[in-house]
Amino acid sequence: MAEPPSNSPRRPLPDGIVPEEVVARTEGRWVMIMATMLVVMMAVIVVTGVAGALHPASNVEVIQPQTLHLGGEFVESNLGTAIEPDGSATVRLIAIQYDFVPHCALVPANTPVKFRLTSADVVHGFLLPDTNVNTMVVPGFVAEVRTSFAEPGDYVMPCHEFCGDGHHGMWARVSVVAKDEFPKLGTVERTSCAKL
Ligand SMILES: [Cu+2]
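Residues numbered from 1 in each chain as written. Predicted model: local features only at pLDDT ≥ 70, side-chain atom pairs only at ≥ 80, totals over all residues. Heavy atoms only, no water.

Draft legend 1. Focus on the side chain of H167. Looking at the element boundaries, H167 is found in the loop between β9 (153-158) and β10 (171-177). Under the relative-accessibility criterion, H167 is labelled buried at 15%. (Helix = DSSP H or I, 4+ residues; strand = E, 2+ residues; numbered from the N terminus. Buried < 20%, exposed > 50% of the residue type's maximum accessible area, 1.4 Å probe, protein only.)

In structure tokens, the structure reads:
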């Protein structure tokens, strides 16, 4: 019996070679799987963005990280919690390898609280669990997050942006005290939680 010519499309494939139609079918399935994954991920982004009312930052404030200690809003004497004329609280913190300054901030409960943070060196993160406070702290920019705390309590958080060898030891504490107790506390207690 004569052998088929060597250029015949029906010639038997050598061992280990997958037929073209099987390759095409498999690739088609993988394209569908990838397309489905992309659609699902885009849907997750849109749904969580809309349902959680997530917005990009609405303002950009720049600052010189090299001169924070020389003057301006983030000079050392201005750090910690300040009560504004309207009764709200503003907490100013500097993130620096590997700590937050001040390390602990006291804030009153049931009061609008505005956190303002900046970094003196590299990118850090600031997050208070179970609240809406979650921001990156980027050198050269001021990060601002507004929240309020219904109950007194302690919030401990590690820096959540990897910032170097000592990142794992970098954390801050925010201590929420009853609204009527806060005015009784002195400046040192407010900025260090020293007597709690
Ligand atoms: Cu860090």
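Let's pick the thread back up.
Draft legend 2. Up close: the sheet that holds β9. Pairing within the open sheet is mixed, and its 3 strands lie in the order β4-β10-β9. Only two strands of the sheet have a single partner each, and these edge strands are β4 (104-108) and β9. Each strand of the sheet is rotated relative to its neighbour by a mean of 20°, with strand direction disregarded. Of the strand pairs in this sheet, β9 and β10 are connected by 6 bridges, and their pairing is antiparallel. By the bridge assignment, D154 is partnered in β10 with S175. (Pairing = 2+ DSSP bridges. Axes fitted to C-alpha atoms, helices over the stretch in contact; angles between N-to-C directions.)

Draft legend 3. Structural detail: the nonpolar core. Counting residues in each nonpolar core, the largest one holds 25 residues, and the members touching the most others are F100, F115, F126, L128, F149 and V174. For this core, the leading source of residues is strand β2 (residues 89-96), giving 4 residues. Non-local contacts of V174, meaning those with residues more than four positions away in its chain, are made with A105, V107, F115, F126, L128, F149, G153, D154 and Y155. (Core = buried A, V, L, I, M, F, W, Y, C linked by side-chain atoms within 4.5 Å. Contact = heavy atoms within 4.5 Å.)

Draft legend 4. Quick peek at the coordination of the copper ion. Surrounding the copper ion are the protein donor atoms C159 (SG), E161 (O), C163 (SG) and H167 (ND1), at 2.0 to 2.7 Å. Considering all 4 donor atoms around the copper ion, the spread of angles at the metal, 80 to 130°, places the coordination shape in the irregular class. Sequence positions of the residues that donate to the copper ion give the spacing C-x1-E-x1-C-x3-H. Residue classification places C159 among the buried residues on the basis of a relative accessible area of 3%. (Donors = N, O, S within 2.8 Å, 3.2 Å for Na, K, Ca; no water. Tetrahedral: all angles 85-135°; square planar, octahedral: opposite > 155°, others 65-115°.)

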